[in-house]
Amino acid sequence: MLPVRGCAQQGEFWSEQLRALWPGEIEWNSSMARWCTLRVGGPARAVATPSSRAELQSLLAVLTRLGVCKRVIGRGSNLLVSDAGYEGVIVVLGRNFAAIEQRAGARAGEILVQVEAGCSLMKLVNWCVGQGLQGLEFAAGIPGSLGGAVVMNAGAWGKEMHEVLSSVTFLHWSGELVERKKDELAFSYRHLETEEMTVVAAEFLLQAGDRQAIDLKSSQLIRARNKKQPQGLASAGSFFKNPPGLPAAGKLIQDAGLKGARIGGAQVSEVHANFLVNTGQASAQDFLDLMRLVQEKVFTRVGVWLEPEVHLL
Ligand SMILES: Cc1cc2nc3c(=O)[nH]c(=O)nc-3n(C[C@H](O)[C@H](O)[C@H](O)COP(=O)(O)OP(=O)(O)OC[C@H]3O[C@@H](n4cnc5c(N)ncnc54)[C@H](O)[C@@H]3O)c2cc1C
């Protein structure tokens, strides 16, 4: 049986041991505002950036052995980290972890594309455009990493990641690589059940298509996105999930009269009410207080408690 993830040690005891046991890139006491698109959050004790699958494997093995709290992230575009920061190791899967490979699928015109988790979703979409591969145009303009998009089951324009995936490769905390086919994966709205494993790669089943038409569709979707979303202000995209059977969260927030509502430096966007934006000097607490205000006002009005789509850390 696979061992259970440990998180026993806190404090400074493990820092030196980690330094001695893992030679990869680490930033100590690194402000999470740097790693998250909301641009808020206190310091993480350490931010480690493994540059290969082997480095990631050895890092997770060391952290498990030391009993250190850890959290794997991508580009932090769906993450709100508290002002107190994180007393553990944030593992960032970044641009060094971003290979894309393709091979022919079973049927004519089918192409299987294997992508590492640190690849940016936009880089993948652009790569598909260049190769004339269709299926991922809906994701054009969604920020973040491939790993984050799989974990969040990111979606837009009525389509979600799970629809184009064929398998996901995970790394268990024990160091074991686990491949799950699509029909073995539990996806739901903005969620994949990861069983606390790390996504290291995913494979997509795409179709060969007309390069120009794919390019046109992606560009149109990016333009449409830019028109309805606030520009130039830090955010994490839609802050709340859309509640089932009701109007979209943005409409409920707007109808509660909250467009433009502000606590400290955090504001309900004037452009799109489901975007909570950082007007410049917001703290994580400002966002938490504004989130609560929105939840209470919407609950009073329609009796539904909005669930954040953004992950709180
Ligand atoms: C302007 C803007 C527009 C957006 N538009 C959309 C949209 O249209 N549709 C949409 O769905 N989302 C949207 N988002 C939200 C966000 O971009 C997506 O959820 C994105 O897929 C998150 O990727 P990330 O790499 O930034 O994940 P992060 O924010 O880094 O992480 C999100 C969660 O996944 C976990 N995680 C990340 N990588 C891994 C991994 N490799 N293994 C295990 N766990 C991991 C993290 O621990 C965290 O819990 C938007 C955000 C912004 C800022």
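Residues numbered from 1 in each chain as written. Predicted model: local features only at pLDDT ≥ 70, side-chain atom pairs only at ≥ 80, totals over all residues. Heavy atoms only, no water.

Draft legend 1. Here's a closer look at the sheet that holds strand E1 (residues 25-31). Taken in spatial order, the 4 strands of this open sheet run E1-E2-E5-E3, and their pairing is mixed. Of all strands in the sheet, those bounded by a partner on one side alone are E1 and strand E3 (70-73). Direction aside, neighbouring strands of the sheet carry axes that sit 25° apart on average. With 6 bridges joining them, E1 and strand E2 (residues 43-49) adopt antiparallel strand pairing. By the bridge assignment for E2, Ile-26 is matched with Ala-48. Sheet contacts for helix H1 (residues 13-21): E1, E2 and strand E5 (86-92); angle to E1, the most-contacted strand, approximately 155°. Running over the sheet, helix H2 (residues 53-66) touches E2, E3 and E5 and is turned about 165° from E5. (Pairing = 2+ DSSP bridges. Helix = DSSP H or I, 4+ residues; strand = E, 2+ residues; numbered from the N terminus. Axes fitted to C-alpha atoms, helices over the stretch in contact; angles between N-to-C directions. Contact = heavy atoms within 4.5 Å.)

Draft legend 2. Fine view of the domain arrangement of the protein chain. Segmenting the protein chain into domains produces domain 1 (13-92), domain 2 (100-228) and domain 3 (249-312). For domain 1 versus domain 3, the distance between C-alpha centres works out to 28 Å. With 10 residues of domain 1 at the contact, the number on the domain 3 side is 12 residues. Taking both partners together, domain 1 and domain 3 bury about 910 Å²; carbon and sulfur atoms supply 58% of that area. Summed over the three residues of domain 1 that lose the most area to domain 3, namely Leu-38, Asn-78 and Leu-80, the buried surface amounts to 58% of that side. Partitioning the side of domain 1 that touches domain 3 into residue classes produces 5 nonpolar, 2 polar and 3 charged. (Domains from an automatic or database assignment. Buried area = accessible area lost by both parts, 1.4 Å probe. Nonpolar A, V, L, I, M, F, W, Y, C, P; charged D, E, K, R; others polar.)

Draft legend 3. Local environment of the packing of aromatic side chains. Applying the stated rule across the entire model yields 3 aromatic pairs. Geometrically, the ring pair formed by Phe-299 and Trp-305 is edge-to-face, given 6.0 Å between the ring centres and 70° between the ring planes. For Phe-299, a relative accessible area of 43% translates into the label partly exposed. (Phe/Tyr/Trp six-rings, centres within 6.5 Å; stacked < 30°, edge-to-face > 60°. Buried < 20%, exposed > 50% of the residue type's maximum accessible area, 1.4 Å probe, protein only.)

Draft legend 4. Structural context of the packing of helix H3 (residues 121-131) against helix H5 (residues 211-228). Look at H3 against H5: their axes get within 8 Å of each other, and the N-to-C directions meet at 150°. Viewed along their axes, H3 and H5 adopt a mutual orientation that is roughly antiparallel. Of the residues in H5, those touching H3 at Met-122, Val-125, Val-129 and Gly-130 are Arg-211, Ile-214, Asp-215, Ser-218 and Ile-222. A class-by-class count of the residues in the contact of H3 with H5 yields 5 nonpolar, 2 polar and 2 charged. (Parallel < 35°, antiparallel > 145°, perpendicular 65-115°, else oblique.)

Draft legend 5. Quick look at helix H7 (residues 284-302). Over its 19 residues, H7 runs 27 Å from end to end, which matches the ideal 27 Å to within 8%, given 1.5 Å per residue. Looking at the packing, one finds that the buried side of H7 touches strand E4 (79-80), helix H6 (249-255), strand E16 (262-263), strand E17 (266-268), strand E18 (276-278) and strand E19 (311-312). A positive phi of about 75° marks Gly-303, the residue just after H7. (Expected span 1.5 Å × (residues − 1).)

Draft legend 6. Region of the structure containing the pattern of salt bridges. Applying the stated criterion across every chain yields a total of 11 salt bridges. Across the pair Arg-190 and Glu-309 runs a salt bridge, and its minimum N-O distance is 3.7 Å. Placement of Arg-190 in the loop between strand E13 (187-188) and strand E14 (191-192) and of Glu-309 in the loop between H7 and E19 is noted, with a sequence separation of 119 residues between them. Looking at Arg-190, the relative accessible area reads 14%, which means it is buried. (Salt bridge = Lys/Arg side-chain N within 4 Å of Asp/Glu carboxyl O.)

Draft legend 7. Local environment of the site of the ligand. Taken together, 34 residues are adjacent to the ligand, and Val-72, Ser-77, Ser-145, Gly-155 and His-311 come closest. One nitrogen or oxygen atom from the main chain of Val-72 is found 2.6 Å from an oxygen atom belonging to the ligand. The separation between a nitrogen atom of the ligand and a polar main-chain atom of Gly-155 is 2.7 Å. Burial of the ligand by the protein amounts to 92% of the accessible area it has alone, namely 970 Å². When residues of the shell around the ligand are traced back to their parent elements, those giving at least two are E3, helix H4 (146-151), strand E9 (155-156) and strand E15 (198-208). (Near = heavy atom within 4 Å. Polar contact = N/O pair within 3.5 Å; in protein donor to acceptor, adjacent residues only side chain to side chain. Areas by Shrake-Rupley, 256 points an atom, 1.4 Å probe, with all protein chains shown as cover.)

Draft legend 8. The nonpolar core, seen in detail. By size, the foremost hydrophobic cluster in this structure holds 56 residues, and its most contacted members are Leu-18, Leu-124, Leu-136, Leu-146 and Phe-204. For this core, the element with the highest residue contribution is H2, accounting for 6 residues. Each of domain 1 (13-92) and domain 2 (100-228) contributes no fewer than three residues to this core. Sequence-distant contacts of Leu-18, that is, excluding residues within four places in its chain, are made with Ile-26, Trp-28, Leu-59, Val-62, Leu-63, Leu-66 and Val-89. By size, the runner-up hydrophobic cluster in this structure holds 26 residues, among which are Ala-236, Leu-258, Ala-282 and Ala-284. (Core = buried A, V, L, I, M, F, W, Y, C linked by side-chain atoms within 4.5 Å.)

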